[in-house]
Amino acid sequence: MLKNYMTVNEVFGPLMFVEKVTDAKYDELVEIELSSGEVRRGKVLELHGDRVMVQVFEGTSGINVGETKVRFLGTSIELGVSEDMVGRVFNGFGIPLDKAQKVIPETKLDINGSPINPYSRDYPLDFIQTGISSIDGMNPLIRGQKLPLFSGAGLPHAEVAAQIVRQSKLLSGSDDFAVVFGAMGITFEEANYFISDFRKTGAIEKAVLFINLANDPAIERLATPRMALTTAEFLAFEKGMHVLVVLTDMTNYAEAMREVSAARKEVPGRRGYPGYMYTDLATIYERAGRINGKSGSITQIPILTMPEDDITHPIPDLTGYITEGQIILSRDLHRKGIYPPIDVLPSLSRLKDLGIGAGKTREDHADVLNQLYAGYARGKEARELAVILGEAALGALDKKYLQFADAYEGKFIAQGRDEERSIERTLDIGWELLSMLPEDELKRVRPENIKKYLKRGKAPAGQSEENRRK
Amino acid sequence: MIEGKVYRVAGPVVVAEEMKNAKMFDVALIGEMNLMGEIIGLKGERATIQVYEETGGVGIGDKVISAGHPLSVELAPGLLGAIYDGIQRPLDVLKSKVGDFIARGVTAPAIDRTKQWDFVPTAKVGDTVTGGDILGVVNETQIFQHKIMVPPGVAGKIIDITGGKAKVEDTIASIETPAGRKDLQMLQRWPVRVGRPFAEKMQPTIPMLTGQRVLDTFFPVAKGGTACVPGPFGSGKTVIQHQLSKWADTDVIIFVGCGERGNEIAAVLMEFPELKDPKTGRPLMERTILVANTSNMPFAAREASIYTGITMAEYYRDMGYNVALQADSTSRWAEALREISGRLEEMPGEEGYPAYLTSRLASFYERAGSVKVIGSEDRTGSLTLIGAVSPPGGDFSEPVTQGTLRTTKVFWALDAPLAYKRHFPAIHWLNSYSLYLDDVKEWWEKNVGWNWKLTRDSAMALLQKEAELEEIVRLVGVDALGDKDRFLLECTRSIREDFLYQNAYHDVDTYCSASKQYHMLRTIMDFHELGKKALEEGRGLNQILSLPCRREIVKLRFVEEARFEDVVKALGESMQHQFDNMGVV
Ligand SMILES: Nc1ncnc2c1ncn2[C@@H]1O[C@H](COP(=O)(O)OP(=O)(O)OP(=O)(O)O)[C@@H](O)[C@H]1O
């Protein structure tokens, strides 16, 4: 029989302190029974003599000092997992939301998982074609990568993420795949956008959804991504599936973390976020990858909105230090009506170097990518100069670069929401654009590739209307 | 044995009571699982313990045992090519023991106890030896000679020494000491928090060549020196560290992945066994030791990982080798320090870091050096330390970057705008510095090019001038510049694009020998000098800029080392010829 403690002595924010406890363990699951009979969950955050600090997932309102019963369950927080979870919807704590029957677990797993032994990791090498040029061509996604979308309020990150989920495929053909979707504190509309898009394309049959909406308990969000990733690990490494995990919005997750930290009166790091945020986020993002000798994989696309579009804010900053690159959405491009508004210069895919090239995408891929970057960067500089000095003050070469930058945004970055470009098409557009520049300028391209791919006299003019917002 | 009980658990910090007589920095084992930790504070009979594994499931009253010895590493043949976690548990062995995910409470010896090594004595019975003296050698790899040394603090007369097959725990020699007979094994232990002793520190004068042009030519680090690489995310810290691990001309490389990505370790494990050391032709893995405590592994062990790494490095230094240690990233180490300090409820300093952050950083970097090692023989070794720093928001004014800059002598400043432009390595030439330039000048000018320093300095001066001119262009447009300045901008563009830019992923460009570096830069500077003269003599700017030799300069990066000498010589001649044809005298 579990002991019922009625010794709650302090409740503060999301925290509750219980006294005269003799058998609690650090990090274990706690059941809290309110006087109304309602049962909530918590976990042990700290033990100090016989005093226990508990973090309550569903909020502390209604918990009182005299009548609340507390039980320490003797296990960590676990999720019962099974292949039958595919196609189902759960709340942020792993309880089924749909009316169908309960999941009969094949096994129960600690949602904190364990770190993958770095020695066991298999380096990600397989290119995923998302059909989006600014990703495939410039910052390609590799199977087993963690590549976040850095967005801002009001930018179309949901559309971009949904398009990625819809169109992603390996060039070598299809495999057993699944989508795991974790929503933390997003609005009903946004969640619904994803769900109906998954429905439309049939992805829903292959998806496991964990939904914590904006009006759901905030502290529960701390568990949601761990629920999602525990499921993903099970499907990937036990069942051999290729799992794409979308987590949105990591900013809400981090805010929940800040709330708990503030209640614990911890010394805050930058902007009030706890000093351990890097490590905490790493225990989420590092649950991606491939393992030697196992056929499955986990590819993660976390989404976060940058407060005030500020990339130096601790949430995007620490994320960028952990993930293998980032895809950044730009408000400027969005205002210009360019979809997807991907800001390619500060975006990055760190795993691209070994995932592209002959036999994987095309031999000229790295050259085209480097040259497009250099050209676009120079064009944008010229554009800034032109703003200050007027276009007339630009040298002839800078004028060419300026035209190049415009054409690049209009033809390469911009594409339709349902437009799925093959990697060949993406690279060919790249060459068309490069042909606008004098050949001497193409220093990043190997001469062999210039000879083979550079078609002369086919320079496209400016920004084409048909590609603008459809 | 001291056995106490858990009194408090706050994440990786555990307080145990009834720990009378426990010693600071001794190892402690907690609970049924024997989770490993280190005593970092004592107050009355209570001991504060930093635990290197997750403490989930630990409860009040669980037993705590003090092991009676400090956290130490094992030193013996078998270190090279190994991969360890932050407290020297071999990750390959852990994998075979518990599978692909790291479990708690597992232990495995760092050094294989069953492997037989062929010990060849070089000392003989009757010799008087002291700490650091070499008893004999073992071929640790096909080409690497591991020297078996008398441990520091031990001295006496050899009364027995036997060659032949031996395991690391077998007695290979016995000596008579004032305290009686002492048996010596190949295996030594050394506490990680204490630097291994050396006889004397010397001023470093030999450059550590890395094959990276911007580093070797512009901001060199000396063997035995210290360098730091701060940069915002994605600016290229990891690639630089990997490039150094691949190409630095040291005998041993120790790479400490400290709170970084698992896949970066996987990349090393995938590439290093395939890549060949340019000096020896052997796989790079054979001269490398990896310490991998990735960001998702317990952060208390991350704090220990750099000490684990540096102690192994000092051990190889003591044999008389040149060793380089790279720590990626020291910011994650500092954060671990901050976390532990926070749980100890210490007074926080700047940005929550403990007040002793700077002194800890300084004493870590102080373990670098070019030294005369201990022992009766005259032997030198070096330990070069390179630390990556990950400043939040790329802001170099934060405490870890500032604390590091105060002690390191080379500053490789990574720059986000350069990285966005895909100018790699994104090391900013105006912000970076090296305080070893004068120390290594002699080596370069004796071995590579008599006017190395002059060439480097004048290239640097041009780059400085470029920055000023760009300021003018930004204000009034390029039309305001005369031909002389425009020509200068073309030359600096060539320095940037044809010399400083270096693609780590290109088969040839990834590594550039010292001599190739010198001649590449010399060629660009020769072009500048000839062109400047031509301009002064009234030749047109466009005429100079369209000389065919310019295209050849662009291609120099991609010329293989074997052909380079011929190519660059021919280019020098044709360049001279082209200017001659313009009638420049
Ligand atoms: N010398 C180089 N040549 C070619 N590409 C490079 C070079 N240096 C860096 N890059 C590119 O920049 C990317 C980012 O570099 P890197 O991973 O080293 O960043 P970082 O500074 O270590 O970031 P973090 O601190 O987040 O780990 C690499 O994936 C690679 O594509």
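## Section: the overall build of chain B
Then, number 1: Scanning chain B for helices and strands turns up 16 helices and 26 strands.
Then, number 2: Relative to the compact-globule value of 25 Å for 585 residues, chain B shows a C-alpha radius of gyration of 27 Å, a close match.
Then, number 3: Projected onto the principal axes, the alpha-carbon positions of chain B cover approximately 90 × 55 × 40 Å.
Then, number 4: Counting over 585 residues, chain B shows a buried share of 60%.
Then, number 5: Taking the intrachain contacts of chain B between residues at least 6 apart in sequence as the baseline, contacts between residues at least 24 apart amount to 69%.
Then, number 6: Each charge sign in chain B was given a centre, from 67 positive and 78 negative side chains, and these centres are 1 Å apart.

## Thoughts on the pairing of strand S3 (residues 29-33) of chain A
All names here are of chain A.
Then, number 1: Burial analysis of S3 places 4 of its 5 residues in the buried class, the great majority of the element.
Then, number 2: Two strands pair when backbone bridges link them, and S3 and strand S4 (residues 39-48) are joined in this way by 5 bridges, in the antiparallel orientation. What sits directly across from glutamate 31, in S4, is arginine 41.
Then, number 3: Here S3 folds back onto S4, and the loop between the two strands holds 5 residues, one of which, glycine 37, carries a positive phi near 95°.
Then, number 4: Pairing geometry for S3 and strand S6 (residues 69-72), over 4 bridges, is antiparallel. Of the residues in S6, the one forming a bridge with isoleucine 32 is valine 70.

## Quick notes on the domain arrangement of chain A
Residue and element names in this part refer to chain A.
Then, number 1: Under the domain assignment, chain A is made up of domain 1 (8-76), domain 2 (79-355) and domain 3 (365-469).
Then, number 2: Each of domain 1 and domain 2 was reduced to a C-alpha centroid, and the two centroids are 30 Å apart.
Then, number 3: Taken together, the 13 residues of domain 1 in the interface contact 13 residues of domain 2.
Then, number 4: Both sides of the domain 1 and domain 2 interface together cover about 1,100 Å² of buried area, and 67% of this is carbon and sulfur.
Then, number 5: Looking only at domain 1, the three residues that lose the most surface to domain 2 are Phe12, Pro14 and Phe57, adding up to 42% of its buried area.
Then, number 6: In this structure, glutamate 46 and arginine 264 form a salt bridge, with 3.1 Å as the shortest nitrogen-oxygen distance.
Then, number 7: Our enumeration of links across domain 1 and domain 2 arrives at 4 residue pairs in polar contact (both at pLDDT 80 or more).
Then, number 8: Counting only elements with at least two residues in the side of domain 1 that touches domain 2, the list comes to S4 and strand S5 (51-56).
Then, number 9: In the side of domain 1 that touches domain 2, the residues fall into 7 nonpolar, 2 polar and 4 charged.

## Quick word on the pattern of salt bridges
Then, number 1: Taken as a whole and judged by the stated rule, the model has 89 salt bridges over all chains.
Then, number 2: Where A:Arg264 meets A:Glu266, a salt bridge forms, and the shortest distance between an N and an O atom there is 3.6 Å. Neither residue differs from the other here; A:Arg264 and A:Glu266 are each classed as buried.
Then, number 3: Measuring nitrogen to oxygen at the nearest pair gives 3.7 Å for the salt bridge that ties B:Lys453 to B:Asp438.

## So, the site of the ligand
Then, number 1: With respect to spatial proximity, 21 residues lie near the ligand, and among them A:Arg350, B:Lys237, B:Thr238, B:Val239 and B:Arg261 are the closest.
Then, number 2: What surrounds the ligand is not a single chain but chains A and B.
Then, number 3: Take B:Gly236: an N or O atom from its main chain is 2.9 Å from an oxygen atom of the ligand.
Then, number 4: Contributions of two or more residues to the shell around the ligand are made by helix H7 (314-322) and helix H9 (352-355) of chain A together with helix H3 (237-247) of chain B.
Then, number 5: For the shell around the ligand, the leading source of residues is H3(B), giving 3 residues.
Then, number 6: Looking at the shell around the ligand residue by residue, the class counts come to 8 nonpolar, 7 polar and 6 charged.

## Describing the packing of aromatic side chains
Then, number 1: Taken as a whole, this structure holds 28 aromatic pairs over all chains when the rule is applied.
Then, number 2: Look at B:Phe144 and B:Tyr321: their rings are 4.5 Å apart centre to centre, the planes differ by 35°, and that puts the pair in the tilted class. Of the two residues, B:Phe144 is situated in the loop between strand S11 (134-139) and strand S12 (145-149) and B:Tyr321 in the loop between helix H5 (299-318) and strand S22 (322-328); the sequence distance between them amounts to 177 residues.
Then, number 3: B:Tyr321 gets classed as buried once you look at its relative accessible area, which sits at 12%.
Then, number 4: Ring geometry for B:Phe487 against B:Phe527: centres 5.8 Å apart, planes inclined by 45°, an arrangement best described as tilted. Taken together, the residues span a long stretch of sequence, with B:Phe487 in helix H12 (residues 483-500) and B:Phe527 in helix H13 (residues 514-536) at a distance of 40 residues. B:Phe527 shares its class with B:Phe487; the two are buried.
Then, number 5: Among the aromatic residues, those joined into a cluster by ring pairs are A:Phe181, A:Tyr193, A:Phe194 and A:Phe198.
Then, number 6: Over the face of the ring belonging to B:Trp190 we find B:Arg196, whose NZ or CZ atom lies 5.2 Å from the ring centre.
Then, number 7: For the cation-ring pair, B:Arg332 lies above A:Tyr321, with the distance from its terminal atom to the ring centre recorded as 4.7 Å.

## Describing the packing of H12(B) against H13(B)
Residue and element names in this part refer to chain B.
Then, number 1: Close contact between H12 and H13 brings their axes to 10 Å; oriented N to C, the two are set at 170°. In terms of orientation, H12 and H13 fall into the roughly antiparallel class. Contacts from Asp483, Lys484, Phe487, Cys491, Ser494, Ile495, Asp498 and Phe499 of H12 reach H13 at Gln517, Met520, Leu521, Ile524, Met525, Phe527, His528, Gly531, Lys532 and Leu535.
Then, number 2: Here the contact of H12 with H13 is composed, by residue class, of 10 nonpolar, 4 polar and 4 charged.

## Here we look at unusual backbone geometry
Then, number 1: Cis geometry is adopted by the peptide bond preceding A:Pro340, which originates at A:Tyr339 and carries an omega value of -10°.
Then, number 2: Tracing the chain through its elements places A:Pro340 in the loop between helix H8 (331-335) and strand S21 (348-349).
Then, number 3: Of note in this structure, A:Lys20 is not a glycine but carries a positive phi near 55°.
Then, number 4: Residue classification places A:Lys20 among the exposed positions, given a relative accessible area of 58%.
Then, number 5: Here B:Glu345, not a glycine, exhibits a phi torsion of approximately 60°, which is positive.
Then, number 6: The exposure class of B:Glu345 is exposed, given its relative accessible area of 61%.

## A word on the packing of helix H11 (residues 452-476) of chain B against H13(B)
Residue and element names in this part refer to chain B.
Then, number 1: Across the interface, H11 lies against H13 with an axial gap of 10 Å and an inter-helix angle of 55°. The orientation of H11 with respect to H13, classified from their angle, is oblique. The handedness of the crossing between H11 and H13 is left-handed. Taken together, the residues of H13 that come into contact with H11 (itself represented by Trp452, Thr455, Arg456, Ser458, Ala459 and Leu462) are Tyr518, Leu521, Arg522, Met525 and His528.
Then, number 2: Partitioned by chemical class, the residues of the contact of H11 with H13 number 6 nonpolar, 3 polar and 2 charged.

## Some points on the environment of A:Val52
Then, number 1: For A:Val52, the position within the fold is in strand S5.
Then, number 2: Not counting chain neighbours up to four residues away, the residues in contact with A:Val52 comprise A:Met16, A:Phe17, A:Val18, A:Val21, A:Ala24, A:Val44, A:Glu46, A:Leu47 and A:Phe72.

## Here's the deal with the side chain of A:Ser120
Then, number 1: Of note, A:Ser120 is situated in the loop between strand S9 (107-110) and strand S10 (121-122).
Then, number 2: Judged by its relative accessible area of 0%, A:Ser120 is buried.
Then, number 3: The residues touching A:Ser120, leaving out its near neighbours within four places in the chain, are A:Arg290, A:Ile291, A:Asn292, B:Lys95, B:Gly99 and B:Asp100.

## A short note on the side chain of B:Gln326
Then, number 1: Among the structural elements, B:Gln326 can be located in strand S22.
Then, number 2: Once you skip the residues sitting within four places of it in the chain, B:Gln326 turns out to touch B:Gln241, B:Leu244, B:Ser245, B:Ile254, B:Phe255, B:Val256 and B:Ile386.

The rules we used
- Residues numbered from 1 in each chain as written.
- Chains lettered and ligands numbered in written order.
- Predicted model: local features only at pLDDT ≥ 70, side-chain atom pairs only at ≥ 80, totals over all residues.
- Heavy atoms only, no water.
- Helix = DSSP H or I, 4+ residues; strand = E, 2+ residues; numbered from the N terminus.
- Rg over C-alpha atoms; globule rule 2.2 N^0.38 Å.
- Buried < 20%, exposed > 50% of the residue type's maximum accessible area, 1.4 Å probe, protein only.
- Contact = heavy atoms within 4.5 Å.
- Lys, Arg positive; Asp, Glu negative; His and termini not counted.
- Charge placed at Lys NZ, Arg CZ, Asp CG, Glu CD.
- Pairing = 2+ DSSP bridges.
- Domains from an automatic or database assignment.
- Buried area = accessible area lost by both parts, 1.4 Å probe.
- Salt bridge = Lys/Arg side-chain N within 4 Å of Asp/Glu carboxyl O.
- Polar contact = N/O pair within 3.5 Å; in protein donor to acceptor, adjacent residues only side chain to side chain.
- Nonpolar A, V, L, I, M, F, W, Y, C, P; charged D, E, K, R; others polar.
- Near = heavy atom within 4 Å.
- Phe/Tyr/Trp six-rings, centres within 6.5 Å; stacked < 30°, edge-to-face > 60°.
- Lys NZ or Arg CZ within 6 Å of the ring centre and 35° of its normal.
- Axes fitted to C-alpha atoms, helices over the stretch in contact; angles between N-to-C directions.
- Parallel < 35°, antiparallel > 145°, perpendicular 65-115°, else oblique.
- Left-handed = near helix turned anticlockwise from the far one by under 90°.

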